[in-house]
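Close look at the chain arrangement
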Amino acid sequence: MHILWLKTDLLHPIDKGGKIRTYHMLRELKKAHHLTYLALDDGTAAPDADVRATEYCHELLRVPHATAEKLSLRFYGELAANLMSRLPYAARKYRSAEFARRVREQVDAGRIDLLVCDGPFAGINVDGGLACPAVLFQRNVEALIWQRHYEVQRNPVARLYFREQWKRMLAYERAMARRYDAVVAVSEEDRRMMVRDYGISHASSIPTGVDTDYYHPSGTIEPEPFHLVFTGSMDWLPNDDAIRYFVQDMLPLIRRAIPEVKLTVVGRKPFPGLLDVSRRDPGIVVTGRVDDVRPYIERATAYIIPLRVGGGTRLKVFEAMAMERPVISTTIGVEGLPVVDGEDVLVADHPQAFALAVLKILKEEAFARRLGKQAAEKVRRDFGWDRVAELFTGICEETVARAARVRRAA
């Protein structure tokens, strides 16, 4: 097959979950299929992004497109202007006439067997009535994320804003899902939700994967006592909310029992408010972007995922498990993943329960080591990217075959 893959950004640097998932999927797909990767380019890609694109595609097509930096004056201006739109801001900011033209040009040339839209936002530039079958790869149920933002807000103005964005995203995502020949979710829970809420029947799910060769303890770094770590893109609102929630509601409870507990937050572009927290508290380190998260995970006693907002599945869970770190998470943090509380991870939602789970790991070394080992064995056995990509490829091939049968019948 010749696949046209659409995304809102270039992959390098591979520094957030969506890029990691796409990169590994494409690397596997490229072994058997021809891949053209069409992406918006906001100027933040790595200098060698063109060269490294050969790792995952045969052709890279870039469309320049500037988006506003979060918290900038332009960002707030666009938010204000978006009040007059029916579209959610998270989708509207990616509209590009040039991107839409390039999509149509590729499809109309007659050489594309399948179009894959990586997430619903690139789809804002895809017209209906394409001359080839199309798949929507839905990494999150975006409306669910905005609903959860709305539910946890205390500020009435912010609560009103998030409610409006949730409603817009629900309508946008429903319309987007219905336009495609197939929708692929990253968990069975997400698939069922889209079938129920969006009225679609052409939905499948694939599991989350992990690079088990890359995420493996080096054996050269000893865990530091009472050291917690969190990794993730810190300019993603659910991650920022998770750490603020942990620092405010959970960390004080843990420090009552173990005052010397340290937290390291690893991830790109932390918001200024989180940097202020780290400056006030010497026990909280915020690193910003790093080239390799593995040493930070290996150095920690435990890996925390205190998410209360989110959707899809978190790659960070399997990465930490593969690194043999015991994981303490909220239910949302491991949502959609086939993990068992008490066997693979510890799951707790209330701040008091979460703090007690962290203390159990910090105090019971043998239990923590056993939990980490069991988790690593599970992901190495069942969740390599080659298996995940094989399932995705099967869905794509069936979509193309089904479209051909429909054309013949017509």
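Residues numbered from 1 in each chain as written. Predicted model: local features only at pLDDT ≥ 70, side-chain atom pairs only at ≥ 80, totals over all residues. Heavy atoms only, no water.

Core analysis: the largest hydrophobic core is formed by 42 residues, its most contacted members being Leu6, Leu38, Leu115, Tyr172 and Tyr180. Element by element, the count of residues in this core is highest for helix H7 (residues 156-178), at 6 residues. When residues no more than four places from it in sequence are discounted, the contact partners of leucine 115 are Leu4, Leu6, Val103, Val107, Leu130, Cys132, Pro133, Ala134, Val135 and Tyr180. (Core = buried A, V, L, I, M, F, W, Y, C linked by side-chain atoms within 4.5 Å. Buried < 20%, exposed > 50% of the residue type's maximum accessible area, 1.4 Å probe, protein only. Helix = DSSP H or I, 4+ residues; strand = E, 2+ residues; numbered from the N terminus. Contact = heavy atoms within 4.5 Å.)

Turning our eyes to something else, we now look at the layout of surface pockets. Space inside the second largest pocket adds up to approximately 510 Å³. Around the second largest pocket, the lining comprises 20 residues; the ones closest to its centre are Glu222, Pro223, Arg325, Glu365 and Arg369. Counting only elements with at least two residues in the lining of the second largest pocket, the list comes to helix H13 (351-363) and helix H14 (365-382). Considering every element that reaches the lining of the second largest pocket, the biggest residue donor is H14, with 4 residues. Per-class residue counts for the lining of the second largest pocket are 10 nonpolar, 2 polar and 8 charged. (1 Å grid on protein atoms, 1.4 Å probe; cavity = no way out; pocket = protein on both sides within 12 Å on 5 of 7 lines; lining within 4 Å. Points joined across faces, edges and corners; volume = space filled by probe spheres on them. Nonpolar A, V, L, I, M, F, W, Y, C, P; charged D, E, K, R; others polar.)

Now for the sheet that holds strand S3 (residues 59-64). The 7 strands lie next to each other as S3-S2-S1-S4-S5-S6-S7, forming an open sheet whose pairing is parallel. The outermost strands of the open sheet, each flanked by one partner alone, are S3 and strand S7 (203-205). For this sheet the average axis-to-axis angle between neighbouring strands, irrespective of direction, equals 20°. Note: strand S1 (residues 2-7) against strand S2 (residues 34-41), 6 bridges, orientation parallel. Within S2, the position partnered with lysine 7 by the bridge is alanine 39. (Pairing = 2+ DSSP bridges. Axes fitted to C-alpha atoms, helices over the stretch in contact; angles between N-to-C directions.)

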